[in-house]
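# Remarks on the overall topology
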Amino acid sequence: MRSTENTVSVIIPAYNAEAFLDEAVLSAVPLPAVLEVLVVEDGSTDGTPGVCSRLEADHAKVRVLRHADGFNHGQSASRNRGIREARGRYIALLDADDTYLSNRFADDLPLLASDESLDGVYSAVRLALEEDYTEAPWGNPELTTVRGRVEPEKLFQKLVCGGKGEFCTDGITVRRDIFSIVGFFDESLHFSADTAMWLKMAAVCRLAGGCTDRPVAIRRRHARNMSRRDNPVYWRTAGDHIWSVMCWGRQVGLSPWHVRLLRRTLALAVLGRRPEGLGRGLLSVVRNVSRYVVRDPLLVRDV
C-alpha cells in the first residue's frame, strides 16, 4: 500500500474570511497527509489578503492563489482555481470558516490507497452553531453524514431520494483525476454548487463511506452564511443546482433513470423551498415551476 503522507491538496476559498481563516488553515497544516494548503484569495475587501500573506510566509505548506484580475469570482471559481493548481494525489476542500479535526484523513486515505476502483471517500462533519446564528438548524444539528453502509452504485439514488442522510464539502476526499471525469464546479450557481458536484460524482464515479459515525471536521453556521432562509436569492434559485446536473447529464449521456430521478428532485425542490409567508411562498413556487417547465416540459409530470 502506498504511503498516505503528503498526498492531499487542501483547497480553501477565502472571501472576507479574516475572522476565521487562521483557524481553518492551521487545522489543516499539521496533518501528515497534507502536502499543501491552497488558499484562493477571492478579491476580499476586509483584512483577508493580509492574513493570507502572513500564513504563506509562516507555513511552508501554504500557497496563496489569486484570480488574474484580482476581483471576486465566487466560491466555485475559487475552488476550480485551486483544483487546477493542485499537486497532490488527492483533493480535499475546506470552507474558510470551518475546521478539520485531527482524524480528518484517518479513514479516507487508507480506503483510497487500498482500492483503486474508488474515486472518493466521504466522512461525517459536525455542525457548530455560532451565537449570532438565529435560524433553526437544518437537518441534524449534530452530524452531517450518510447513515449506514451504502454501496457506491446506490449512492446517487440515496442522495437524490433522501432517507440516508448526506455528506458535505468538508468531509469528502477525492482523487485529483475525478475532475477530468465530472468536470469542475458550476460557476454559474449562486447556491449548492457543491451539492451538484456530489450528485455528478455519485452518478458516474464510485464514492464510499469512510468515518461516517463520528466527525472529521466542524462546519460553522453563523449570521454571515449565504445559504440562509432569509436570503431572497436562495428562494429564486431553488432548483438551479438540480437543473445544472440535468444539463450536465444530457451532455455526458446519463441514463434516463438518472434523469427521471433528477427531474423528480427538481420538482420537490421547487415545491419545498419557499420563504416564510403563504403569499410569498405560493408566488415563489409558481415562478419557479413556470421557469423550469419552459426549459423541460416533462417536469410537469412530477410537480
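The model shown is predicted, which means the values in this text are computed figures rather than measured ones. (Residues numbered from 1 in each chain as written. Predicted model: local features only at pLDDT ≥ 70, side-chain atom pairs only at ≥ 80, totals over all residues. Heavy atoms only, no water.)

## Quick notes on the layout of surface pockets
Spelled out, the test is: Put simply, the grid is 1 Å and covers the protein atoms alone, a cavity is a trapped set of points that fit a 1.4 Å probe, a pocket is an open set with protein on both sides within 12 Å along at least five of seven lines, and lining residues have an atom within 4 Å of a point. Grid points are joined across faces, edges and corners, and a volume is the space filled by probe spheres set on the points. Basically, the charged four are Asp, Glu, Lys and Arg, the nonpolar ten are Ala, Val, Leu, Ile, Met, Phe, Trp, Tyr, Cys and Pro, and anything else, Gly included, counts as polar.
Roughly 190 Å³ of internal volume is contained in the second largest pocket. Taken together, Leu-111, Leu-118, Tyr-122, Gly-148, Arg-149, Val-150, Glu-151, Pro-152, Ala-208, Gly-209, Gly-210 and Thr-212 form the lining of the second largest pocket. Counted by class, the lining of the second largest pocket contains 6 nonpolar, 4 polar and 2 charged residues.

## Topic: the packing of helix 1 (residues 21–28) against helix 2 (residues 48–58)
Where we set the bar: Only the stretch in contact is used when a helix axis is fitted, and all axes are lines through C-alpha atoms; the angle between N-to-C directions ranges over 0 to 180 degrees. Counting from the N terminus, the helices are DSSP H or I runs at least four residues long and the strands are E runs at least two residues long. Note on terminology: angles under 35 degrees are roughly parallel, angles over 145 are roughly antiparallel, angles of 65 to 115 are roughly perpendicular, and the others are oblique. Crossing handedness follows the turn of the near helix against the far one: under a right angle anticlockwise gives a left-handed crossing, and clockwise gives a right-handed one. It only takes one pair of heavy atoms within 4.5 Å for two residues to be counted as in contact.
Remark: helix 1 packs on helix 2, axes separated minimally by 10 Å, with the N-to-C direction vectors making an angle of 25°. One finds that helix 1 runs roughly parallel with respect to helix 2. Viewed along their axes, helix 1 and helix 2 form a crossing whose handedness is right-handed. Side by side, helix 1 and helix 2 meet where Leu-21, Asp-22, Val-25 and Leu-26 of the first sit next to Thr-48, Val-51, Cys-52, Arg-54 and Leu-55 of the second. Residue composition of the contact of helix 1 with helix 2, by class: 6 nonpolar, 1 polar and 2 charged.

## Description of the pattern of salt bridges
Where we set the bar: Throughout this description, the term salt bridge denotes a Lys or Arg side-chain nitrogen within 4 Å of a carboxyl oxygen of Asp or Glu.
Using the criterion set out here, one finds 12 salt bridges in the structure. With a closest N to O distance of 3.0 Å, Arg-63 and Glu-36 form a salt bridge. One end of the pair, Arg-63, is in strand 3 (residues 62–66); the other, Glu-36, is in strand 2 (residues 34–41), with 27 residues separating them in the sequence. Taking the shortest distance from any N to any O, the salt bridge between Asp-95 and Arg-79 comes out at 2.9 Å.

## Re the packing of aromatic side chains
Quick note on the threshold: Pairs were defined over the aromatic rings of Phe, Tyr and Trp, the Trp ring being its six-membered one, requiring ring centres within 6.5 Å. Orientation was assigned from the angle between planes: stacked under 30 degrees, edge-to-face over 60, tilted for the rest. By definition here, charges over rings are those cases where NZ of Lys or CZ of Arg is within 6 Å of the ring centre and within 35 degrees of the ring normal.
Tallied over the full model, the rule gives 7 aromatic pairs. Pairing Phe-167 with Trp-198 gives two aromatic rings, centres 5.9 Å apart and planes at 45°, and the pair type is tilted. Separated by 31 residues along the polypeptide, Phe-167 in the loop between helix 5 (155–161) and strand 9 (172–175) and Trp-198 in helix 7 (residues 193–204) bring together distant segments of the chain. Plain terms: the ring middles of Phe-179 and Phe-184 are 6.3 Å apart, the flat faces sit at 5° to each other, and that makes the pair stacked. Within the aromatic cluster, the residues linked to one another by ring pairs are Tyr-122, Phe-167, Phe-179, Phe-184, Phe-185 and Trp-198. A cation over an aromatic ring shows up here: Arg-79 above the ring of Phe-185, its NZ or CZ 5.3 Å from the ring centre. The ring centre of Trp-243 lies 5.6 Å from the NZ or CZ of Arg-250, which sits over that ring.

## Section: the sheet that holds strand 11 (residues 215–221)
Here is the rule we go by: Paired strands are those between which DSSP finds at least two bridges.
Pairing is mixed across the open sheet formed by 4 strands, whose spatial order is 5-11-7-8. Of all strands in the sheet, those bounded by a partner on one side alone are strand 5 (99–100) and strand 8 (143–144). Across 5 bridges, the pairing between strand 7 (residues 124–129) and strand 11 is parallel. When the bridges of strand 11 are listed, Leu-127 appears paired with Arg-219.

## Overview of empty space enclosed by the protein
Taken as a whole, this structure holds 1 cavity of 30 Å³ or more when the rule is applied. Estimated volume of the largest cavity: approximately 30 Å³. Lining of the largest cavity is provided by Ile-91, Ala-92, Leu-93, Ile-172, Val-174, Phe-179, Trp-198 and Met-201. Mapped by element, the contributors of at least two residues to the lining of the largest cavity are strand 4 (90–93), strand 9 and helix 7. When residues of the lining of the largest cavity are assigned to their parent elements, the largest contribution, 3 residues, is made by strand 4. Residues belonging to the lining of the largest cavity are distributed by class as follows: 8 nonpolar, no polar and no charged.

## Remarks on the environment of Val-39
Looking at the secondary structure, you find Val-39 in strand 2. Note: C-alpha distance between Val-39 and Arg-81 (42 residues apart in sequence) is 10.0 Å. Residues in contact with Val-39, not counting those within four places in the same chain, are Ile-12, Ala-14, Leu-21, Val-25, Cys-52, Val-62, Arg-63, Val-64 and Leu-65.

## Quick word on the pairing of strand 4
Heads up, the condition is: To sort residues, take the accessible area from a 1.4 Å probe on protein chains only and compare it with the maximum for the residue type: under 20% means buried, over 50% means exposed, and anything in between is partly exposed.
By the alternation rule, side chains of strand 4 split into Tyr-90 and Ala-92 and Ile-91 and Leu-93, which are all buried. Both strand 1 (residues 8–14) and strand 4 contribute to a ladder of 4 bridges, which runs parallel. For Val-8, the partnering residue across the bridge sits in strand 4 and is Tyr-90. Two strands pair when backbone bridges link them, and strand 4 and strand 9 are joined in this way by 3 bridges, in the antiparallel orientation. Within strand 9, the position partnered with Ile-91 by the bridge is Val-174.

## Side note on the nonpolar core
In plain terms, the rule: Nonpolar cores are built from buried Ala, Val, Leu, Ile, Met, Phe, Trp, Tyr and Cys residues. Side-chain atoms within 4.5 Å join them into one set.
In this structure, Phe-167, Phe-179, Met-201 and Leu-262 are the most contacted members of the largest nonpolar core, which totals 42 residues. Not counting residues up to four positions away in its chain, the partners in contact with Phe-167 are Tyr-122, Ser-123, Thr-144, Val-146, Leu-155, Leu-159, Ile-172, Trp-198 and Leu-207.

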